[in-house]
Structure formats: C-alpha cells, structure tokens
Amino acid sequence: MIKVGVLGARGRLGSVICEAVETAPDTDLVARIGSGDRIEELVEAGAQAVVDVTRPEAVMGNLEFCLRHGIHAVVGTTGFDEERLATLRGWLEQAPGTGVLIAPNFSIGAILMMRFAAAAAPFYESVEIVEMHHPDKVDAPSGTARRTAELVAEARRAAGAGPVPDATSTGLEGARGAEVDGIRVHGLRIRGAVAHQEVVLGGVGETLTVRHDSLDRVSFTPGVLAGLRAVVDRPGLTVGLEHVLDLP
Ligand code: NAP
C-alpha cells in the first residue's frame with residue numbers, strides 16, 4: 001500500500017483524485033490538504049507520496065516541504081519552466097532516494113494521441129492541429145497542442161521533411177491559427193466541451209485524423225495512479241507521464 005496525501009484536495013481535479021486514491025487497491029489516502037490547511041499533516045499521517053494539483057504559485061513551496069521530508073511527488077499543477085525544473089533538480093540532489101514526476105498531462109489517451117501523431121508525421125506533407133476546450137480556459141493554444149506541435153515538428157525534421165505547404169498570401173489575421181515550431185494550431189472555445197484535439201495529416205489522395213476527447217476529469221485518474229506506483233521507485237526528476245507508462 002502506498003500512503004498518499006493529496007494537495008489541492010478540494011479542487012476540481014483534486015477531489016476526483018482523492019476518490020481514485022481511496023478506491024484503488026494499492027493506495028491509501030492518508031491526508032487531504034487544501035489551501036489554509038497545515039502541510040505538516042502529511043508527515044503526521046505518514047504520507048509516502050503526494051499528488052499536487054494546486055496552483056502554480058503554491059506548488060514550489062509544497063514540493064520544497066515534501067522533498068525536505070523525503071516524500072515522493074506526482075505533480076499535475078501547471079507552470080513548470082526550465083528555471084523551476086532546475087530548482088527541483090537542486091532540491092532532489094539534497095534528497096537522495098526521493099522522486100518527483102512532473103506530469104503536464106495525466107491523460108493516457110492524450111499521450112497516445114501525441115505519440116501516434118508524431119509516428120504518422122513523417123509520412124504526410126500536411127499537418128495541422130485543432131484543439132477545443134471549454135470557454136473558461138485562460139491559455140491558448142493548450143499545453144497539449146503546443147507539445148503535439150513540437151513533437152510533430154521534431155519528427156518531420158528528423159525525416160528531412162520541408163515546410164508544410166500553404167499558399168495563403170492574403171487573409172484575415174488569425175484565420176490560419178497560431179504557428180508553433182512551423183505547425184499551425186487552431187483553438188476553439190466551446191461551452192460544453194471539456195478537452196479535445198485533432199491532428200489532421202494529409203498526403204496525396206488521403207487524410208488521416210488522430211483525435212482524442214477527454215469527456216470527464218475521471219479520465220486523468222489512471223495516469224495519476226500509474227504515476228504514484230512509479231514515482232516511489234524512481235528517484236530524481238522525471239518529466240512526462242510517458243516515461244512511466246509501458247509504451248511500445
Ligand atoms: P482548482 O479547482 O482551482 O483546484 C486547485 C485547488 O488547490 C483549490 O482547491 C485550492 O484551494 C487549492 N490550493 C491552492 N493553494 C494550495 C496550497 N498551498 N496547498 C493546498 N491546496 C492549495 O483547479 P483544478 O482545475 O483542480 O486544477 C489544479 C491544477 O491542475 C491546475 O494547475 C491545472 O492547470 C492542473 N491540471 C492538470 C492536469 C493534468 O493532466 N496534468 C489536468 C487538469 C488540470 P482554494 O480554492 O481554497 O485556494
């Protein structure tokens with residue numbers, strides 16, 4: 001049994017994760033920490049690992065505390081740039097045996113969608129990405145769409161592919177979306193939507209669409225549990241859930 005504390009336990013994602021950790025046969029929920037609660041409860045409850053799904057301004061303080069106490073962490077909270085990752089590596093050097101997994105995306109389907117898109121990319125002349133989210137989302141394009149564009153661009157470069165063809169010479173600003181690493185990304189904000197993405201590839205006489213739909217936050221829980229099972233045996237920093245899934 002892994003003794004788990006959840007940070008951000010009363011949040012939209014945190015409350016779903018608490019339920020999953022309570023229900024899984026090999027994890028035991030020992031602490032639910034929300035803003036204003038004492039983080040020391042983690043130590044008192046004997047937590048071996050935490051899941052942090054709080055806010056970018058809170059997460060570093062939480063992780064500093066966890067690493068000082070040898071508590072492993074699976075982190076879904078966004079906002080990790082190179083500077084933050086370097087800080088974490090420094091803290092981890094002082095906490096041998098402790099692991100941190102930064103998981104920008106807990107959805108196994110989204111990870112597979114990115115992998116399939118990158119695998120297909122060298123075979124097609126054209127590729128564009130369309131992401132769709134609820135209208136309360138504040139950033140565009142989504143982190144997943146950006147990452148997909150980077151992976152697709154990397155795969156095209158490795159295969160020696162040239163630029164994506166596009167004869168557009170006049171048009172309204174924004175009509176062709178944003179460009180990420182040479183790949184066009186289009187964002188829709190639609191009430192009722194959760195998180196959806198299509199990667200549309202095209203070559204002579206055919207198109208191929210790789211599509212993923214997140215329909216409910218519960219879709220994140222298998223990834224969270226896989227992260228918890230892995231992080232307790234994985235000292236140091238890991239970035240991306242794909243490294244702990246048994247992907248071909
Ligand atoms: P949310 O509903 O706003 O939940 C965040 C929770 O964290 C709130 O209940 C907040 O409490 C609490 N909190 C703030 N500071 C805290 C602290 N120092 N210690 C403990 N709890 C604290 O947001 P959400 O939609 O659940 O998302 C949470 C994070 O996960 C965001 O960064 C989001 O971008 C990210 N996310 C990641 C994935 C993924 O797949 N990796 C998926 C979805 C979301 P108060 O409201 O009382 O301040």
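Residues numbered from 1 in each chain as written. Predicted model: local features only at pLDDT ≥ 70, side-chain atom pairs only at ≥ 80, totals over all residues. Heavy atoms only, no water.

On to the nonpolar core. In terms of nonpolar packing, the biggest core is built from 28 residues, with Ile17, Phe106 and Leu228 touching the most fellow members. Among the secondary structure elements, those contributing two or more residues to this core are β1 (2-7), α1 (12-23), β3 (49-52) and α7 (221-231). Considering every element that reaches this core, the biggest residue donor is α7, with six residues. When near neighbours in sequence (up to four residues on either side) are disregarded, Ile17 contacts Val6, Val51, Val53 and Val224. Membership of the second largest hydrophobic core comes to 23 residues, among which are Ile33, Val50, Leu63 and Leu92. (Core = buried A, V, L, I, M, F, W, Y, C linked by side-chain atoms within 4.5 Å. Buried < 20%, exposed > 50% of the residue type's maximum accessible area, 1.4 Å probe, protein only. Helix = DSSP H or I, 4+ residues; strand = E, 2+ residues; numbered from the N terminus. Contact = heavy atoms within 4.5 Å.)

For the rest of this paragraph, the subject is the site of the ligand. In the vicinity of the ligand there are 21 residues, among which Arg12, Leu13, Ser35, Ala103 and Phe106 approach most closely. For the ligand, an oxygen atom lies 2.8 Å from a polar atom in the backbone of Leu13. A distance of 3.0 Å separates an oxygen atom of the ligand from a polar atom in the side chain of Arg55. With the chains in place, 74% of the 930 Å² that the ligand exposes on its own is no longer accessible. Residue classes in the shell around the ligand are distributed as eight nonpolar, 10 polar and three charged. (Near = heavy atom within 4 Å. Polar contact = N/O pair within 3.5 Å; in protein donor to acceptor, adjacent residues only side chain to side chain. Areas by Shrake-Rupley, 256 points an atom, 1.4 Å probe, with all protein chains shown as cover. Nonpolar A, V, L, I, M, F, W, Y, C, P; charged D, E, K, R; others polar.)

Proximity of charged atoms lets side chains of opposite charge pair with each other. Inspection of the entire model under this criterion finds 14 salt bridges. Note that Asp26 is salt-bridged to Arg229, the shortest N-O span being 2.6 Å. Taken together, the residues span a long stretch of sequence, with Asp26 in the loop between α1 and β2 (27-33) and Arg229 in helix α7 at a distance of 203 residues. Arg229 gets classed as partly exposed once you look at its relative accessible area, which sits at 36%. When the shortest N-O distance is used, the salt bridge between Arg191 and Asp136 registers 3.2 Å. Taken as a pair, Arg191 in the loop between β8 (183-189) and β9 (195-203) and Asp136 in the loop between β6 (126-133) and α6 (143-158) lie far apart in primary sequence, 55 residues in all. Note on accessibility: Arg191 and Asp136 belong to one class, exposed. Bridged by salt links that share partners, the residues Glu128, Asp166 and Arg176 form one connected network. (Salt bridge = Lys/Arg side-chain N within 4 Å of Asp/Glu carboxyl O.)

What follows covers the pairing of β2. In this sheet, β2 lies alongside β1 in parallel orientation, the contact comprising six bridges. If you follow Leu7 over to β2, its bridge partner there is Ile33. Each parallel crossover has a hand, and the one from β1 via α1 to β2 is right-handed. (Pairing = 2+ DSSP bridges. Right-handed = clockwise from strand over helix to strand, strands pointing away.)

Two numbers describe how α1 lies on α7: the axes approach to 10 Å, and their chain directions differ by 60°. With respect to α7, the element α1 is oriented oblique. Here the hand of the crossing between α1 and α7 comes out right-handed. For the pair formed by α1 and α7, the contact residues are Val16, Ile17, Ala20 and Val21 on the first element and Thr221, Val224, Leu225 and Leu228 on the second. Within the contact of α1 with α7, the residues separate by chemical class into seven nonpolar, one polar and no charged. (Axes fitted to C-alpha atoms, helices over the stretch in contact; angles between N-to-C directions. Parallel < 35°, antiparallel > 145°, perpendicular 65-115°, else oblique. Left-handed = near helix turned anticlockwise from the far one by under 90°.)

This brings us to the sheet that holds strand β11 (residues 236-239). Sheet architecture is open: six strands sit in the order β2-β1-β3-β4-β5-β11, paired in parallel fashion. Two strands close off the open sheet at either side, each with one partner strand: β2 and β11. Taking each pair of neighbouring strands and ignoring which way they run, the sheet shows an average axis angle of 20°. With four bridges joining them, β1 and β3 adopt parallel strand pairing. Paired with Val4 across the strands is Ala49, a residue of β3. Along the sheet, α1 makes contact with β1, β2 and β3, crossing β2 at roughly 150°.

Let's shift gears to the state of the cysteines. Tallied over the entire structure, the rule returns zero disulfides. The closest cysteine sulfur to the non-disulfide-bonded Cys18 is located on Cys66, 14 Å from its own sulfur. (Disulfide = S-S within 2.5 Å.)

This part is about the sheet that holds strand β7 (residues 178-180). Across the sheet, which stays open at both edges, the five strands sit in the order β7-β8-β6-β9-β10 with mixed pairing between neighbours. Bordering the open sheet on either side are β7 and β10 (206-214), each of which pairs with just one other strand. Strand after strand, the sheet turns through a mean of 25° between neighbouring axes, direction not considered. Note that β6 and β8 share six bridges and pair parallel.

Everything listed here is a matter of geometry and, on its own, says nothing about what the molecule does.
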